[in-house]
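An overview of the molecular structure
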Amino acid sequence: MAGPTSRLILLARRADRRGGLPFLVPRAVQAAPAAGAPASPALPPPPPLPASALVRSYSSAFTSVHGERPSSEYAKIRKESLETQFGRILGSSSQRLFADRGFGPVLALYRAATISFHVVKLTIWHLLLNDMHKRAEKFRETLIRLGPFYIKLGQALSTRPDILPSAYCEELAKLQDQIPPFPTRIALRTIESQLGSRISDLFADISPEPIAAASLGQVYKVLQIEMHSFDTSSHAAHLRSGELVAVKVQRPGMAPLLTLDALLFHMIGGQLKRFAKARKDLLVAVNEIVRHMFDEIDYILEGKNAERFAVLYSHGSTSIKAPKVYWDYTRKTVLTLEWIDGIKLTDTKRISKANLNRKRMIDEGLYCSLRQLLEEGFFHADPHPGNLVATEGGSLAYFDFGMMGDIPRHYRVGLIQMLVHYVNRDSLGLANDFHSLGFVPEGTDLHAVGDALQVSFGDVRRQSNDFQGVMSHLYDVMYEFNFSLPPDYALVIRALGSLEGTAKALDPDFKVIESAYPFVIGRLLADPSPDMRKILRELLICDDGSIRWNRLERLIAAISEQSSESSKASGAGSGERSNGSSGWRSFDMHSVVAATEDLFDFILSRKGWRVRVFLVRDIVKASDAFLQEVAFPYMFDKVEKMGELDPERSKMIKRLVNTFQSFRQAINLAPDAWSAMLIRTLLKPESQKFVLDVFLALANHSSYKIPEAFWLCMSRFLNYLDKQDKL
């Protein structure tokens, strides 16, 4: 049987040949055939599902003009691949742990006895305590006593309300605070053994106590680095005089302890799950958390992550910083980085004293985070206030690159699609997203999920634009459907939650979803890939083919406004976009023109026939409003008088006029591109046929009204001229 990776490649090839499911496979997988492998023969398309099965599970997809049946195939294979990867990592680590047969079993028995003792205590507290908050407090205290593995586990679970009750999540969040450090003498001994030299030969001075301590390691500030001649016998080159660096030292014995605790956790995980009243299988989530823990204890990998992050997000920009890595002073358990002085984002007094622009810093941080999550896919998974500081110059500096996420394109596109469906309040579309991304198990009734979401959307009291509120909203709804986060999204949720919490330290009213929406729209307009174009169509066109006119009007107005501001800024020579992210909310007009042309092509295609029907209907309805006598005062009198007319028609006319003005303003920003696109579109036979259909529909509907409307209009016009003469 083919392994998960081979099945991922096979799925990529099939999706590429069909051309209908491009968003199911990340680009990295599409380009993943083994080097030197012969070209695989064409694969036959899979047999079609029975019609009854399609109607029962996916009827919404086939009644939608957007087409395409949602599939969870990629999500399942991705999950299997990650579980296999975790099994290999844990297996190789356990072999090294028990290589010494005389010591490994004794250590395992001792550790198992220690853990069992604390589990028995938890069980007793479980019987004696009825207060959920008291039990959560005991749970947190027990994790601290059990050591780094369980502290890190608690920190990760504090952001998972899909697993633990909210009382436990709130209590475990306290584990993010200062962790008791291990003795400095042990840290110095680790540095000397790893770097192969005495501390006095490496550094002139080192802080007597760690400046920061975490569950897996602690950081020292190395002061007054002296100039030393390079010694070829030394394992490390010496730093230049006067440099300040941060030396991160791992807690001793982390690799074997982490491996041992991961193996033993499966023995007592069920009991901990019962005590904490976990909502789902705790062991599945722990496997993913432990997988990232093994990455975090490899400081060479962390150094590579820091350099990759710097190349992607701080290269050529003065607004985002990542510390330089000193590789000559870095080993697997010792990491030496450039020292960057910064102000914690929670220190509002120092930020105010430094006269830093809070709004600009939030804008820069949001832009960087959105690029990480939606463009590159390589992201910092824990941007809490301890890992993200402001420099005196107003830049944002990131630290701690041990927990990094690498989200495939499939999930990046899915994140955008979920946001669009949530904004549209498209409950069935959101249910399909949950299915295709692996949030709900196979066989779940998606219509029931959609109905539950629709009910929740109708609850005005629950509506929220902040991330934590939205996630709490969705968790409560999905609880009854065995809702669970896919492995890739667990870190995404953690990153977005940390980002919003950090930004709220600067602006209490900050809402990450609301603030991210312009960036998402910009991505939809700029990315010509089929999956992004499909999401853009879903944003503007309902499943039945009707146009979301409100959304279209707001989009045109935003494009016109933001592009105008960007044009003025570039005309003034500000260079904002090149030097930072301050121009990221504006839209590139050539991308807008290309997206508009693709939208026209879809409407004129066979799949868009229902859209054309609704479009003709709406055009006839709009023309009917203009032909009514009550509409004429708007053509000649002040806008305020429209309140005296029919509210529905006056509102429609105002919207049409405002939209036309915004659209004209957008065209003026790139007239050549718009003119070329409109000419290309009008020369197509499909366009000419549609224009003829519109003309015939208008003639058929309004033929008896036009003469009467014409004379009424002339009468109004003559009265208007008479008033002007009198004035």
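In this text the structure is predicted, and so the values were computed from the model without any measurement.

Criteria and thresholds
Residues numbered from 1 in each chain as written. Predicted model: local features only at pLDDT ≥ 70, side-chain atom pairs only at ≥ 80, totals over all residues. Heavy atoms only, no water. Buried < 20%, exposed > 50% of the residue type's maximum accessible area, 1.4 Å probe, protein only. Helix = DSSP H or I, 4+ residues; strand = E, 2+ residues; numbered from the N terminus. Phe/Tyr/Trp six-rings, centres within 6.5 Å; stacked < 30°, edge-to-face > 60°. Contact = heavy atoms within 4.5 Å. Polar contact = N/O pair within 3.5 Å; in protein donor to acceptor, adjacent residues only side chain to side chain. Salt bridge = Lys/Arg side-chain N within 4 Å of Asp/Glu carboxyl O. Patch = residues over 30% accessible without salt bridge, like charges linked within 9 Å, V, L, I, M, F, W, Y side chains within 5 Å. Areas by Shrake-Rupley, 256 points an atom, 1.4 Å probe, with all protein chains shown as cover. Pairing = 2+ DSSP bridges. Axes fitted to C-alpha atoms, helices over the stretch in contact; angles between N-to-C directions. Parallel < 35°, antiparallel > 145°, perpendicular 65-115°, else oblique. Left-handed = near helix turned anticlockwise from the far one by under 90°. Nonpolar A, V, L, I, M, F, W, Y, C, P; charged D, E, K, R; others polar. pLDDT = per-residue confidence, 0-100. Expected span 1.5 Å × (residues − 1). Arc of directions from axis to C-beta.

1. Quick notes on helix H17 (residues 427-436)
Taken across its ten residues, H17 has nine buried, putting it largely inside the fold. Three or more residues of H17 are buried, namely Ser 427, Gly 429, Leu 430, Ala 431, Asn 432, Asp 433, Phe 434, His 435 and Ser 436. Gly 438 occupies a position one or two residues after H17 and carries a positive phi of about 85 degrees.

2. What about the packing of aromatic side chains?
Overall, the coordinates contain eleven aromatic pairs when judged by the stated rule. Seen in terms of ring centroids, Phe 309 and Phe 401 are 5.2 Å apart; in terms of plane orientation they differ by 50 degrees. Their pairing is tilted. Here Phe 309, found in helix H13 (residues 299-314), pairs with Phe 401, found in the loop between strand S10 (396-398) and strand S11 (404-406); they are 92 residues apart in sequence, far enough to count as distant. Accessibility assignment for this pair places Phe 309 and Phe 401 in one class, buried.

3. Observations regarding the environment of Gln 454
Relative to the elements of secondary structure, Gln 454 occurs in helix H18 (residues 446-457). On the basis of relative accessible area, Gln 454 is assigned to the partly exposed category, the value being 42%. Residues Gln 454 and Leu 428, 26 residues apart in the sequence, show an inter-C-alpha distance of 8.2 Å. Leave out the neighbours within four places in its chain, and Gln 454 touches Arg 425 and Ser 427. A polar contact of 2.9 Å, which involves the side chain of Gln 454, links it to the side chain of Ser 427.

4. Considering the pattern of salt bridges
A full pass over the atoms with the stated rule returns 21 salt bridges. Between Arg 371 and Glu 375 there is a salt bridge, and its shortest N-O distance comes to 3.7 Å. One end of the pair is Arg 371 and the other is Glu 375, both in helix H15 (residues 358-376) and four residues apart, which spans about a single turn. Owing to a relative accessible area of 29%, Glu 375 belongs among the partly exposed residues under this scheme. Through salt bridges that share partners, Arg 409, Arg 523, Asp 527 and Asp 531 make up one connected network.

5. Let's talk about the environment of Leu 496
The residue Leu 496 is located in helix H20 (residues 487-506) in this model. Sequence-wise, Leu 496 and Leu 366 are 130 residues apart; in three dimensions their C-alpha atoms are separated by 9.8 Å.

6. Things to note about the side chain of Lys 152
Tracing the sequence through the fold places Lys 152 in helix H7 (residues 148-157). By relative accessible area, which is 10% here, Lys 152 ends up buried. Dropping the residues within four chain positions of it, Lys 152 is found in contact with Ser 215, Leu 216, Met 293, Glu 296 and Met 403.

7. Describing the environment of Ser 560
Tracing the chain through its elements places Ser 560 in helix H23 (residues 549-571). Through-space distance from the C-alpha of Ser 560 to that of Ala 666 is 4.7 Å; in sequence the pair is 106 residues apart. With residues near it in sequence (within four places) discarded, Ser 560 still touches Ser 662, Gln 665, Ala 666 and Leu 669.

8. Quick look at a nonpolar patch on the surface
On the surface, Val 120, Ile 124, Trp 125, Leu 127 and Leu 128 cluster together into a nonpolar patch covering about 510 Å² of accessible area. Among the residues examined, Ile 124 registers a relative accessible area of 45% and is labelled partly exposed.

9. Side note on the pairing of strand S6 (residues 334-338)
In terms of burial, S6 is a largely internal element, four of the five residues being buried. Looking at chain direction, strand S4 (residues 245-250) and S6 are connected through five bridges and run antiparallel. The residue bridging Val 247 from the neighbouring strand is Thr 336, located in S6.

10. As for the packing of H17 against H18
Packing of H17 against H18 leaves a shortest axis separation of 8 Å and a crossing angle of 130 degrees. As summarised for this structure, H17 and H18 are arranged oblique, according to the angle between their axes. Two packed elements cross with a definite hand, and for H17 against H18 that hand is right-handed. On H18, the residues touching Ser 427, Leu 428, Leu 430, Ala 431, Asn 432, Phe 434 and His 435 of H17 are Leu 446, His 447, Val 449, Gly 450, Leu 453, Gln 454 and Phe 457. Residues that form the contact of H17 with H18 fall into these classes: eight nonpolar, six polar and no charged.

11. Looking at the packing of H15 against helix H21 (residues 512-526)
Contact pair H15 / H21: the axes reach a minimum separation of 11 Å and the direction vectors enclose 55 degrees. Regarding the angle of H15 to H21, the classification is oblique. The handedness of the crossing between H15 and H21 comes out as right-handed. Residues Leu 366, Tyr 367, Leu 370, Arg 371, Leu 374 and Glu 375 of H15 form the contact with H21, whose participating residues are Val 512, Ser 515, Ala 516, Phe 519, Val 520 and Arg 523.

12. With respect to the sheet that holds strand S9 (residues 388-390)
Spatial strand order, S5-S10-S9-S7: four strands in an open sheet with mixed pairing. Strands with a single pairing partner mark the edges of an open sheet, and in this sheet they are strand S5 (320-321) and strand S7 (343-344). Judged from the three bridges that link them, S9 and S10 form a sheet pairing that is antiparallel. Residue pairing for S10: Ala 390 is matched across the bridge by Leu 396.

13. Some thoughts on the confidence of the model for the chain
Detailed conclusions should not be drawn from predicted coordinates in areas where pLDDT is low. The predicted model of the chain has a mean per-residue pLDDT of 75, with 72% of residues at 70 or higher. Confidence drops under pLDDT 50 across residues 638-644; counting only partners more than four residues distant or on other chains, this segment forms five contacts.

14. Quick notes on H13
Under the 1.5 Å per step criterion, the end-to-end length of H13 is 21 Å for 16 residues, consistent within 8% with the ideal 22 Å. Listed in full, the buried residues belonging to H13 are Tyr 299, Glu 302, Gly 303, Asn 305, Ala 306, Phe 309, Ala 310, Tyr 313 and Ser 314. End-on, the buried residues of H13 take up no more than an arc of 155 degrees, which puts them together on one face. Facing away from the buried side of H13, by more than 90 degrees, are the exposed residues Lys 304 and Val 311. Structurally, the start of H13 carries an N-cap: the backbone nitrogen of Ile 300 is 3.2 Å from a side-chain oxygen of Asp 298.

15. Describing unusual backbone geometry
If you check the backbone angles, Asn 355 has positive phi at about 55 degrees while not being a glycine. Mapped onto the elements, Asn 355 comes out in the loop between helix H14 (348-353) and H15. The backbone of Asp 400 sits at a positive phi, close to 60 degrees, despite the residue not being glycine. Tracing the chain through its elements places Asp 400 in the loop between S10 and S11.

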